[in-house]
Amino acid sequence: MTLAAPLPAGRTGRARRPRLPVPALLTLVSLLLYAGTALWTGQASALSFEGIVGLLQRMIALGFVALGQTFTILVGSIDLSVANLVSLVAVLASYLMAGDPAMIAPAVMAALGVALLVGLLNGLLVARAGINPLIATLGTGLMLQGVLSASYEHLRGSVPPAFQTLAYGSVAGLPVALPALLAVAFAAYALLRFTRLGAHVYAVGGNAAGARMAGIATERVTLFAHLAASLGAGLTGLYLAARLSSGTPWIGRDGAYDLESIAVVVIGGTLLAGGRGGVWGTMAGVLFFASLDACFTMAGVDAFLKQVLRGAIVVAAVAVYTIRTKGHVA
Amino acid sequence: MTDTVSPTTATTADKAPIARRNRLKRLAGFNVALFVFALLYGAIVLIQPNFAEPAAFMNLLRRAAPLAILACGQLFVVVSGGFDLSAGALVTFTVVAASLVIGGDPALTWPVIAGLYAFGLCVGLLNGLAVTVLKVPSIIATLGMMLSVGGLAMLWSGGAPRGELSETFRLFGRFVIRDVPLLGTLPLAALVLLALALLAAWLLHGTMYGARLFAVGDNPRAAELAGVPVRATRIAAFVVSALSAVSAGILLGGFAGVSVNAGDGLELQAIAACVIGGARLLGGRGTVLGAVFGALTLFALFTLLNILGLPQALREAVQGLILILAVAVTAVRERRAR
């Protein structure tokens, strides 16, 4: 089944113009938007090194979740539980650390371990039980949120100052978490591009039945994708715990990381049906959202108007790819 | 890109048993929600015998009416193969906008209600056009609409509930007809629910439009080849969902009052209600009766948890669990049926 036309609208004839790949184009658009707004509002400081770093810093929290979400969408699944998982990991990490620097490593391990368990549960529900991924991950998300809100009274804690360097420390003028995000993106890219597992991810997303007939253990690939999504959410949770010095049950939901991560993945050119797309598109999508945010702030747009515009922009940005789709989309 | 030719091997001879099996399946799907609801309500009555009185049941019906109406509308989109995530935001918008414009002036009630339905119509049309013409997947398209409509509600109200609803407006959610034979009391909201559910059931199960919607949800390409106007059918489904959200908002504003998060999460609860009621996500199957009982099941569940003294927060957890179980049951049944 062909759900969508290939992205560069298969014009393979002689009039072949060189085209920018989607991530590059999206990055360019984002940066032009950012620079244009900075000049238009006369805020030249936004174009300084610190200004650009500030822009990139806006990418971090959404970046980790979105990288993870890329995997689930590539295999044709989806993960709606990531926002609640972000809150859970942040709360758990700050509770376990309880201000004690010696507990940083165990707490990080435990929090990420819990995240992986949630990913395992999601993966099993989707791949083994055959439950629609939207419902399965919505259900686990609700369960996480409910348990978290009910037990938060007993789970208050805060992270030690040493852990806050993750959010506030800097290496060579760059915030620590920024190279970390880049490293994770590279790892994800390498995994998808150069390993057999990566090839299987695309195969399962492109045509699950065909992949199964070709001997790929599709269930395991889907399971892996959900583990990756949960790990990404876990990293965001840790970062937010460091930035806010303690986790609350609402940070994930307030950031709307579930829907935002899906939106940036799709804006980055990854097909919602799976099988096509990649890491750099997602990173470009995250940059696009970060620049939008920065532009709205520079232009002094009201917070609520920002939301109205954002909704329209998400639809318009996705429509750029989808409008040439033949056939019907649900 | 090649046009996929849909399998056309089904002869008229084996269509009849398929139709019969579909009907059986549909009945079975509806039975699950009814059965679970009866079970839950039985448990409630066991713990709190006063729930056996009709008045208590009517009260449950009144509080569940907005969600049930929302679920009926959402069902149209679900049957068509999509989702409408903007429904909850539209409920919020309805409540907030009504109180701002009416400002306690009863003369404005009817014009405002008409205006709200017109706004709902536009929202539904825009959703439908984004999905059918721009080909944006409905999750993304209605997510964008959710952000925009929710933002509009906040922008207009300034983020805090302002204005006031007129008594006439609140009548729909509040008014209870007393001294009704057999039932004792009869909330107006229950009557509205009954009327709208009957309307939805007729539209989905009794008209050519409904048949087309099922066909589109099952296999849009095949439906198109069979001459179904796929785009118009889909757009209409989004319009039905949006209008149901406005109706739900009017009822909710009536008895819960004005709040800027009146509709938070309702879209997911409505989808959950459809699924519990036996609807298949990604289209092709579902019943209005199932969706209504799915919504009632959710409310009975909330009531039971309340009576058991579980913290409010755990409601969500249990809702999630029920959701997964309901779909797991459907998935297992489908596998067996094959």
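Let me sum up the structure you'll find in this document.

On to the overall build of chain A. Across its full length, chain A carries 15 helices and two strands. Taken over C-alpha atoms, the radius of gyration comes to 20 Å for chain A, in line with the 20 Å a tight globule of 330 residues would show. Each of the three principal axes of chain A carries a C-alpha extent, and together these read 65 × 55 × 35 Å. Looking at chain A as a whole, 52% of its 330 residues are labelled buried. Computed over 19 positive and 10 negative side-chain charges, the separation of the two mean positions in chain A equals 21 Å.

Scanning chain B for helices and strands turns up 13 helices and two strands. Scaling as 2.2 N^0.38, a compact globule of 338 residues should have a C-alpha radius of gyration of about 20 Å, and chain B matches this with 20 Å. If one aligns the C-alpha atoms of chain B with their principal axes, the spans along those axes are about 60 × 45 × 40 Å. The burial tally for chain B puts 53% of its 338 residues in the buried class. Long-range contacts, defined here as pairs at least 24 residues apart, represent 77% of the contacts in chain B between residues at least 6 apart.

Residue and element names in this part refer to chain B. For Lys 135, which is not glycine, the phi torsion reads 60° and is therefore positive. If you trace the backbone, Lys 135 turns up in the loop between helix H4 (109–132) and helix H5 (138–157). Residues other than glycine seldom take positive phi values, yet Leu 282 does so here, at roughly 70°. Following the sequence through the fold, Leu 282 ends up in the loop between helix H11 (266–276) and helix H12 (288–307).

On to helix H6 (residues 133–151) of chain A. Residue and element names in this part refer to chain A. Between its first and last C-alpha, H6 extends 27 Å over 19 residues, near the 27 Å set by a 1.5 Å rise per residue. Counting buried positions along H6 gives 15 out of 19 residues, so the element sits mostly inside the fold. Between the side-chain oxygen of the N-cap and the backbone nitrogen of Leu 134 there are 2.8 Å, and the N-cap of H6 in question is Asn 132.

Attention shifts here to the interface of chain B and chain A. In this complex, chain B contributes 53 residues to the contact, which on the side of chain A involves 49 residues. Carbon and sulfur atoms make up 77% of the area that chain B and chain A hide from each other, which totals about 4,100 Å². Inspection of the chain B/chain A interface yields one salt bridge. Its salt-bridge partner being Arg 253 of chain A, residue Glu 316 of chain B comes within 3.3 Å of it at the nearest N-O pair.

The subject of this paragraph is the packing of aromatic side chains. Counting across every chain of the model gives 14 aromatic pairs over all chains. Between Tyr 189 of chain A and Phe 194 of chain A the ring centres are 6.0 Å apart and the planes differ by 85°, which places this aromatic pair in the edge-to-face class. Look at Phe 93 of chain B and Phe 119 of chain B: their rings are 4.2 Å apart centre to centre, the planes differ by 15°, and that puts the pair in the stacked class. Placement of the pair is Phe 93 of chain B in helix H3 (residues 87–102) and Phe 119 of chain B in helix H4, with a sequence separation of 26 residues. On the basis of relative accessible area, Phe 93 of chain B is assigned to the buried category, the value being 5%. Residue classification places Phe 119 of chain B among the partly exposed residues on the basis of a relative accessible area of 24%. Joined through ring pairs, the aromatic side chains of Phe 37, Tyr 41, Phe 51, Phe 57 and Phe 293 of chain B make up one cluster.

Our focus in this paragraph is the pattern of salt bridges. All names here are of chain B. For the coordinates displayed, the defined rule picks out six salt bridges over all chains. Among the salt bridges present, the one from Arg 280 reaches Asp 218, with a minimum N-O distance of 3.2 Å. Remark: Asp 218 occurs in helix H8 (residues 208–218) and Arg 280 occurs in the loop between H11 and H12; sequence separation between them is 62 residues.

Basis of the calculations
Residues numbered from 1 in each chain as written. Chains lettered and ligands numbered in written order. Predicted model: local features only at pLDDT ≥ 70, side-chain atom pairs only at ≥ 80, totals over all residues. Heavy atoms only, no water. Helix = DSSP H or I, 4+ residues; strand = E, 2+ residues; numbered from the N terminus. Rg over C-alpha atoms; globule rule 2.2 N^0.38 Å. Buried < 20%, exposed > 50% of the residue type's maximum accessible area, 1.4 Å probe, protein only. Lys, Arg positive; Asp, Glu negative; His and termini not counted. Charge placed at Lys NZ, Arg CZ, Asp CG, Glu CD. Contact = heavy atoms within 4.5 Å. Expected span 1.5 Å × (residues − 1). Polar contact = N/O pair within 3.5 Å; in protein donor to acceptor, adjacent residues only side chain to side chain. Buried area = accessible area lost by both parts, 1.4 Å probe. Salt bridge = Lys/Arg side-chain N within 4 Å of Asp/Glu carboxyl O. Phe/Tyr/Trp six-rings, centres within 6.5 Å; stacked < 30°, edge-to-face > 60°.

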